[in-house]
There are 2 protein chains.
Amino acid sequence: MNADQDGMRIGSKGRGGAAVGATPVAALGAYIEERGLKHSRQRELIAQAFFESGGHVTVEQLVERCRRADPRVSVATVYRTMKLLAECGLASARQFGDGQTRYEPAAGRAHHDHLICTVCGDIVEFANDRIEALQESIARRHGFEVESHRLELYGRCARCRTARAEEARP
Amino acid sequence: MNADQDGMRIGSKGRGGAAVGATPVAALGAYIEERGLKHSRQRELIAQAFFESGGHVTVEQLVERCRRADPRVSVATVYRTMKLLAECGLASARQFGDGQTRYEPAAGRAHHDHLICTVCGDIVEFANDRIEALQESIARRHGFEVESHRLELYGRCARCRTARAEEARP
DNA sequence: GTCCATGCAAAGCTTTTGCATGTCT
DNA sequence: AGACATGCAAAAGCTTTGCATGGAC
């Protein structure tokens, strides 16, 4: 895949990221059986809520989502299940600056980074091979072997910039 | 300043970053008076500990450092003072993945990013204009106006890579 | 003397954990 | 039946805050 042009708007707010097919939930099932773990209504509920969420969801948001289907889902279970999803490679945890862990789908997806709107909180993903290459060369120059990295750009998205411009000229 | 070659090893573990002169502490003094705040032994102590620290210190580490000079320094005061230093632009807060806020000196320093060793925790700074330029162009392509960004590369530093290689071949 | 800073302890937040109970196989 | 998952509430880790006291101006 060539991401050098960047711009895969993979999972911004409001769009579904679950369209990968029914696969991820099945993959969780496989992982569960493989390890002698057990299926449960909650796990399916949480996995479904997560994969339908479009990514970058907080645990709080997941809890809320799940409770619409079953009000008795506990926070602890959501934490535990998300950890499970992360372990089997279906989710990955991200820390943006706000003190809450966010999860995004990770099933076979290439590495990508984030643009985050400081006004509306919208999160857009992008990937750029040239940046990745530069990172590698910088690391090498310092004797580091890169295992992972993260890049976040914070700023105002198009919509919020427009909004602000209009409000300035009323 | 041309940082395109990157590699300013500004404040790695153990090295002092306070050699900027006696200026930063004075700058804090100015800010304090300007705002009708008050000088105190603790504030000087904390500022000194911070500027001598080489950067990327946690609050916990600062408390420890300060208590060597005066065991009665409270955690709350360190938090409050670091917030003050951040407000007046002398310190900036960073969140790496470990749940603790770290502070680094920020007095008139250009933007830079971090290489973090996942084995020994060493943190090395670098700056690279080409990456910054690419970030700008990506943001523009998405209609974003960048306010700030952060880039962190996680991996094993030269020392830890060597150590591991030796242990494999005994 | 007035206001600000400090210390302490309590409280806030997010996340984790212990334990009795419920559920899957 | 046996092993694992769940819910609840308590606890843990970092940070903030309320309040009485102490210190700066």
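This structure is a prediction, so every number in the text was calculated from the model and none was measured.

1. Quick word on the sheet that holds strand β6 (residues 145–156) of chain B
Pairing is mixed across the open sheet formed by six strands, whose spatial order is β5(A)-β4(A)-β6(A)-β6(B)-β4(B)-β5(B). The sheet terminates laterally at β5 (123–126) of chain A together with β5 (123–126) of chain B, the two strands that pair on one side only. Across the sheet, the mean angle from the axis of one strand to that of its neighbour is 20°, orientation sign disregarded. Judged from the four bridges that link them, strand β4 (residues 113–117) of chain A and β5(A) form a sheet pairing that is antiparallel. Considered in β5(A), the bridge of A:L115 is made with A:V124. Along the sheet, helix α5 (residues 129–141) of chain A contacts β4 and β6 (145–156) of chain A together with β4 (113–117), β5 and β6 of chain B; its crossing angle with β6(A), the most-contacted strand, is approximately 130°.

2. Considerations on the domain arrangement of chain A
Residues and elements named next belong to chain A. As far as domains go, chain A holds domain 1 (24–105) and domain 2 (113–168). The gap between the C-alpha centroids of domain 1 and domain 2 is 25 Å. Each partner contributes residues to the interface: domain 1 has seven residues there, and domain 2 has seven residues. When residues of domain 1 are sorted by the area they lose upon contact with domain 2, H56, R94 and F96 head the list and together hold 71% of the total. On inspection of domain 1 and its partner domain 2, the count reaches zero salt bridges. At the junction of domain 1 and domain 2, the tally comes to four residue pairs in polar contact (both at pLDDT 80 or more). Those elements that provide at least two residues to the side of domain 1 that touches domain 2 are β2 (91–95) and β3 (101–105). Of the residues belonging to the side of domain 1 that touches domain 2, the class tally is one nonpolar, three polar and three charged.

3. Some remarks on the relation of the copies chain A and chain B
Least-squares fitting of chain A to chain B yields an RMSD of 0.1 Å, with the transformation described by 0.0 Å of translation along the axis and a rotation of 180°. The operation mapping one copy onto its partner corresponds to a two-fold rotation axis. When C-alpha distances to the rotation axis are compared across chain A, the minimum falls at A:L151, with a value of 2.2 Å. The share of interface residues of chain A whose copies in chain B are also at the interface is 100%, consistent with both copies meeting through the same surface.

4. Quick notes on the pattern of salt bridges
If you walk through the whole model with that rule in mind, you get 18 salt bridges over all chains. Salt-bridge contacts for A:R159 lead to A:D122; the nearest nitrogen and oxygen are separated by 3.8 Å. Separated by 37 residues along the polypeptide, A:R159 in helix α6 (residues 158–168) and A:D122 in the loop between β4 and β5 bring together distant segments of the chain. For B:R102, the salt bridge identified is with B:D98, shortest N-O distance 3.0 Å. Judged by relative accessible area, B:R102 falls into the buried class, the value being 16%. When salt bridges with common partners are traced through the structure, they connect A:R150, A:E152, B:R150 and B:E152 into a single cluster.

5. What to know about the packing of helix α3 (residues 59–69) of chain A against helix α4 (residues 75–87) of chain A
All names here are of chain A. Close contact between α3 and α4 brings their axes to 10 Å; oriented N to C, the two are set at 115°. As for how α3 packs across α4, the hand of that crossing is right-handed. On α4, the residues touching V59, L62, V63 and R67 of α3 are V75, V78, Y79 and M82. Looking at the contact of α3 with α4, its residues break down into seven nonpolar, no polar and one charged.

6. Concerning α3(A)
Along an α-helix, residues three or four positions apart point the same way, because every turn accommodates 3.6 residues. Residue and element names in this part refer to chain A. For α3, the full list of buried residues reads V59, L62, V63 and C66. For α3, the angular spread of buried residues about the axis comes to 100°, placing them on one side. With respect to the buried face of α3, the exposed residues turned more than 90 degrees away are E60 and R68. If you follow the buried residues of α3, they end up packed against α2 (41–51), β1 (57–58), α4 and β3.

7. As for the side chain of B:R150
Residue position: B:R150 is located in strand β6. One polar contact links the side chain of B:R150 to the main-chain carbonyl oxygen of A:Q95, over a distance of 3.5 Å. With residues up to four places along the chain from it excluded, the contact list for B:R150 reads A:Q95, A:R150, A:L151, A:E152, A:Y154, B:R94, B:Q95 and B:D113.

The rules behind each value
- Residues numbered from 1 in each chain as written.
- Chains lettered and ligands numbered in written order.
- Predicted model: local features only at pLDDT ≥ 70, side-chain atom pairs only at ≥ 80, totals over all residues.
- Heavy atoms only, no water.
- Pairing = 2+ DSSP bridges.
- Helix = DSSP H or I, 4+ residues; strand = E, 2+ residues; numbered from the N terminus.
- Axes fitted to C-alpha atoms, helices over the stretch in contact; angles between N-to-C directions.
- Contact = heavy atoms within 4.5 Å.
- Domains from an automatic or database assignment.
- Buried area = accessible area lost by both parts, 1.4 Å probe.
- Salt bridge = Lys/Arg side-chain N within 4 Å of Asp/Glu carboxyl O.
- Polar contact = N/O pair within 3.5 Å; in protein donor to acceptor, adjacent residues only side chain to side chain.
- Nonpolar A, V, L, I, M, F, W, Y, C, P; charged D, E, K, R; others polar.
- Least-squares fit on C-alpha atoms with pLDDT ≥ 70 in both.
- Buried < 20%, exposed > 50% of the residue type's maximum accessible area, 1.4 Å probe, protein only.
- Left-handed = near helix turned anticlockwise from the far one by under 90°.
- Arc of directions from axis to C-beta.

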